Amino acid sequence: ALHEGHVVSAQELTVLLQDVFTQNSRNLILFLQDTLSIDDFTYLSEPYGNKNPFQNEILQSSPSSLVLPAVDCKATRYLLSALQESGDWKLTNITNLDVSQLEVNTPKPNLLVVQLQPLVSGLNEISTLEAIAENDKIIGRLTMDLQERGIHFSVIYTAVRPSRISRRTDVVGELRRQLMATEEEDSLSYPPLNVTTGNDICILFYASNFSLKANSSVFIDLTNATFVMQNVDISSSECSGINTTLSLKYTKPVNGISSLEIRFLMTNRFYGGSARNWSTLDSVEIVQDGEKFAKFNVSVISAPAEYSFHCQLVGTSNLYPARLIPSNNEAKNWDVFISRLQV
């Protein structure tokens, strides 16, 4: 099971392919392209109708297959060097695309590396389409040759690096904004706060800014205390299959306040309409000095139970896409600002 957005690391890839390395077929073919992304398989095959560049059916005809949507760029190099260093494989780089001379009865199993033709950057979509179609034919021809000779083999089709997600000009601006956002996020060095139950991680909580304002005057920035210094007590957090509470307790977060507890109350329920479980942040509570109790209802913070929720701006402002709505009089004394919330 692969989680949405997860990038398979080099070590994970080695584990996933362990059965391929220990099998009986003794022939592993690595088709290596310069760039490739999972999106290419849908994007390049849809607009051109009968010009679908992916024609060979080796994936469908195989008795077993594995598709990994996102793999670390370093994984292929790591995989090749690991196989070579093991000394258990006979490495052959195929450049003339002729496998007729392949020796099948060698003491060591064969590792064939086939360098496919590059998809030169700057070409228009039709040229890219033709280049991938040509590579698809090469894969089909080589695998057909091996099948006709009765040679059992396994195939890996991958690339040195990912191609661009989108090649359409109408989304270049949007893509650039996404890249800028990614670069900005990468500059943040701290990991999420995690709450564990036994050995299992129950809650992961992250924000780039987590701050409050009391009585429209006292500003309390909790970002550093929560994520960097972790001067926060999470021992009162509770996890279960239905109700979960993230409790964050701070001692003297600012002059004039001796203690502050912020609780995020979440539920996990099955919804018949979507036939799946959803986790929902139902309410947020703030307890000041053990006696002043503020409660907020929450709008639109939910996600399928196996995924995380992410929002750029969460708080009490009417301008924020995900709002904390005061549900008692004490809550009206607080303003909450959370940027890039992920939970």
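Source: prediction; values computed, not measured. (Residues numbered from 1 in each chain as written. Predicted model: local features only at pLDDT ≥ 70, side-chain atom pairs only at ≥ 80, totals over all residues. Heavy atoms only, no water.)

A. Up close: the pattern of salt bridges. In total, this model carries three salt bridges according to the counting rule given. Its salt-bridge partner being Arg263, residue Glu285 comes within 2.6 Å of it at the nearest N-O pair. Within this pair, whereas Glu285 is found in strand β11 (residues 276–288), its partner Arg263 is found in strand β10 (residues 257–271), the two being separated by 22 residues in sequence. Residue classification places Arg263 among the partly exposed positions, given a relative accessible area of 23%. Among the salt bridges present, the one from Glu306 reaches Arg276, with a minimum N-O distance of 2.5 Å. Residue Glu306 is located in the loop between β13 (302–304) and β14 (310–315), and its partner Arg276 is located in strand β11; the two are separated by 30 residues in the primary sequence. Within the structure, one salt-bridge network assembled from shared partners comprises Glu261, Arg263 and Glu285. (Salt bridge = Lys/Arg side-chain N within 4 Å of Asp/Glu carboxyl O. Helix = DSSP H or I, 4+ residues; strand = E, 2+ residues; numbered from the N terminus. Buried < 20%, exposed > 50% of the residue type's maximum accessible area, 1.4 Å probe, protein only.)

B. Representation of the packing of aromatic side chains in the model. In this structure the tally under the stated criterion is seven aromatic pairs. For the pair Phe205 and Phe264, a centre-to-centre distance of 5.3 Å together with 45° between the ring planes defines the contact as tilted. A residue pair is termed long-range when its members are at least 10 positions apart, and Phe205 in strand β6 (residues 200–205) and Phe264 in strand β10 qualify at 59 residues. Just as Phe205 is buried, Phe264 falls in that class too. Pairing Tyr206 with Phe227 gives two aromatic rings, centres 5.9 Å apart and planes at 45°, and the pair type is tilted. In this pair, Tyr206 sits in the loop between β6 and β7 (209–214) while Phe227 sits in helix α8 (residues 223–228), placing the two residues 21 residues apart along the sequence. (Phe/Tyr/Trp six-rings, centres within 6.5 Å; stacked < 30°, edge-to-face > 60°.)

C. Representation of the pairing of strand β3 (residues 110–115) in the model. The buried count for β3 comes to five of six residues, which makes it a mostly enclosed element. Two strands pair when backbone bridges link them, and strand β1 (residues 27–35) and β3 are joined in this way by six bridges, in the parallel orientation. Opposite Phe31, over in β3, you have Val114 as the bridge partner. Inspection of the sheet shows strand β2 (residues 90–94) paired to β3 by five bridges, in the parallel sense. Among the inter-strand pairings, Lys90 is bridged to a residue of β3, identified as Asn110. (Pairing = 2+ DSSP bridges.)

Spatial relationships are all this shows, so hold off on functional conclusions.
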